[in-house]
Amino acid sequence: TQNKPNDFSNLRDQGACGFATATDNGIWYAFTLQHATSYITFMPYAGDGSSKTTLQKCILTQITLTCDESNQGYFYFDENGELDESKRPGKGRYTRTIYCATSTSETGFSIPGSKDEAKDNAAIMVMPPGVYHNVEVAYTLYDPIVQTKGVFKKLDMTNRTFHFFFTWFVRD
């Protein structure tokens, strides 16, 4: 769960991924830690269109990512710090969800009206390093006016490495 936009203070709860190199200097070992974790920064916003005003009244409650590769668990690296794909956990379709609200209420993140505004309203997900295939992202929005949920899906993204992920919502 991420309780506030652009707040990644709960990183320790989401996990990390890395490896260390130890060098013996004759007195002690000096360690150099290299982080290998990927972070997806989701920045959805209401695109221009007749639905823009309505979408900006909605609240983002969760983001679900589904892909062909395992996206959580224990991962192994070779002596060069490269991910050992042969030891990657399992095969199949895997889903992860980041909640932009508490599980007991319909609070969440507002929907910005532009790409620039979305930069201040990000949800961040920790992912293991690697390339992901057949990626689907589903954004769940809650409309407090009509008190119902809706889902926007971004489908069929293949061969993705993640950094920043802008998505515009348009419903016309």
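This write-up is about the structure you can find in this document.

Structural notes on the nonpolar core
Turning to step 1, where the next piece is worked out: Phe-42, Leu-60, Ile-63, Leu-65, Val-137, Tyr-139 and Leu-141 are the most contacted members of the largest nonpolar core, which has 22 residues in total.
Turning to step 2, where the next piece is worked out: Sorting the residues of this core by element identifies strand 3 (38-46), strand 4 (59-67), strand 7 (123-127) and strand 8 (135-143) as the ones contributing at least two each.

Focus: the pairing of strand 4
Turning to step 1, where the next piece is worked out: The buried count for strand 4 comes to 7 of 9 residues, which makes it a mostly enclosed element.
Turning to step 2, where the next piece is worked out: When strand 4 meets strand 6 (residues 109-110), the two strands line up antiparallel, connected through 2 bridges. Following the sheet pairing, Ile-59 is matched in strand 6 by Ser-110.
Turning to step 3, where the next piece is worked out: Both strand 4 and strand 8 contribute to a ladder of 7 bridges, which runs antiparallel. In the strand pairing of strand 8, Leu-65 is matched with Val-137.
Turning to step 4, where the next piece is worked out: Two strands pair when backbone bridges link them, and strand 4 and strand 5 (residues 94-99) are joined in this way by 6 bridges, in the antiparallel orientation. Across the sheet, the residue bridging to Gln-62 is Tyr-99, located in strand 5.

Regarding the pairing of strand 1 (residues 18-24)
Turning to step 1, where the next piece is worked out: In this structure, strand 1 lies alongside strand 2 (residues 29-35), joined through 7 bridges in antiparallel fashion. Directly across from Phe-19, in strand 2, lies its bridge partner Gln-34.
Turning to step 2, where the next piece is worked out: The hairpin formed by strand 1 and strand 2 contains 4 residues between the paired strands, and Gly-26 there has a positive phi angle of roughly 95 degrees.

Rules behind the numbers
- Residues numbered from 1 in each chain as written.
- Predicted model: local features only at pLDDT ≥ 70, side-chain atom pairs only at ≥ 80, totals over all residues.
- Heavy atoms only, no water.
- Core = buried A, V, L, I, M, F, W, Y, C linked by side-chain atoms within 4.5 Å.
- Buried < 20%, exposed > 50% of the residue type's maximum accessible area, 1.4 Å probe, protein only.
- Helix = DSSP H or I, 4+ residues; strand = E, 2+ residues; numbered from the N terminus.
- Pairing = 2+ DSSP bridges.

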